[in-house]
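Here's the letter readout for the chains.
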Amino acid sequence: MAGNFKMSFDKQDFSYAIALMSGQEHTFAVEGPHVRDGLFKDILSTFDGPINVFQVGAIESLDGKFKVGSGWSDIIFGEYILENGGCITIADINLDHLAHSFLVASNKGYLIQIKFGDAINHIQEGYDIYYLDGADEPLGHQQTLEQFQKIEHTKSLVIVDDVQTKALFLKDYLEEKQICFELHNIGNGGMITVDMRDKDEN
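Owing to the predicted nature of the structure, the values given are computational and were not obtained by experimental measurement. (Residues numbered from 1 in each chain as written. Predicted model: local features only at pLDDT ≥ 70, side-chain atom pairs only at ≥ 80, totals over all residues. Heavy atoms only, no water.)

A. Seen up close, the packing of aromatic side chains. Summed over the entire model, instances satisfying the criterion amount to seven aromatic pairs. Considering the side-chain rings of Phe-54 and Tyr-127, the 5.3 Å spacing of their centres and the 70 degrees angle between planes classify their relative orientation as edge-to-face. In this pair, Phe-54 sits in strand β3 (residues 51-56) while Tyr-127 sits in the loop between β5 (112-116) and β6 (129-132), placing the two residues 73 residues apart along the sequence. Here the aromatic rings of Tyr-127 and Tyr-130 are separated by 5.7 Å at their centres, their planes lie at 70 degrees, and the arrangement is edge-to-face. By relative accessible area, which is 0% here, Tyr-130 ends up buried. Through a chain of ring-to-ring contacts, three or more aromatic side chains come together here, namely Phe-40, Phe-77 and Tyr-131. Looking at Arg-197, its charged tip hangs above the ring of Phe-47, at a distance of 4.5 Å from the centre. (Phe/Tyr/Trp six-rings, centres within 6.5 Å; stacked < 30°, edge-to-face > 60°. Helix = DSSP H or I, 4+ residues; strand = E, 2+ residues; numbered from the N terminus. Buried < 20%, exposed > 50% of the residue type's maximum accessible area, 1.4 Å probe, protein only. Lys NZ or Arg CZ within 6 Å of the ring centre and 35° of its normal.)

Have a look at this one:
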């Protein structure tokens, strides 16, 4: 029987990470208004076959509270990739964070590529999903906008986390350019999805 995962903000708790890497994650039910898993799974259900994902931001910590606070999206994408094929590419300026993502991917067995450095130097066309979850304000708003502008010509689906702290400039840009997007009341300050898979090439 699955039990609700209880966050502790007073001390580190790696029990969920241990369960995850021993194939026992089903013993935890991670729930709450900030949990992004449902949205990721809904998005992935619209794909068929292998996918390539470009993600800005790796797993910050394997402390269980970060599963809710940060999302650990790698795991959700990785599950899909294991079943359907593909690869996740993760860019981060923090080697420790990249090491966490690499550890989980190696343990679970899904294909991962690591890019150390600023995501703007690595993000490019050729991916089916882009997940923009980089720096928070004050730098984050401009960085997220610039990342999107490098890929807005692609036929892809873009997910953006933490709108209030890293994507207000992008939200304004999408409205100004009349680019269709959805705003989801989930995570820390909302999430945005931009589905450009059927966009006109002209």
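Still more ground to cover, so stick around.
B. Seen up close, the packing of helix α2 (residues 37-44) against helix α4 (residues 73-84). Here α2 crosses α4 at 30 degrees, and the two axes come no closer than 10 Å. One element, α2, and the other, α4, form an angle in the roughly parallel class. Of the two elements, α2 crosses α4, and the hand of that crossing is right-handed. Packed against α2, whose contacting residues are Asp-37, Phe-40, Lys-41 and Leu-44, the element α4 presents Ser-73, Ile-76, Phe-77, Glu-79 and Tyr-80 at the interface. Partitioned by chemical class, the residues of the contact of α2 with α4 number five nonpolar, one polar and three charged. (Axes fitted to C-alpha atoms, helices over the stretch in contact; angles between N-to-C directions. Parallel < 35°, antiparallel > 145°, perpendicular 65-115°, else oblique. Left-handed = near helix turned anticlockwise from the far one by under 90°. Contact = heavy atoms within 4.5 Å. Nonpolar A, V, L, I, M, F, W, Y, C, P; charged D, E, K, R; others polar.)

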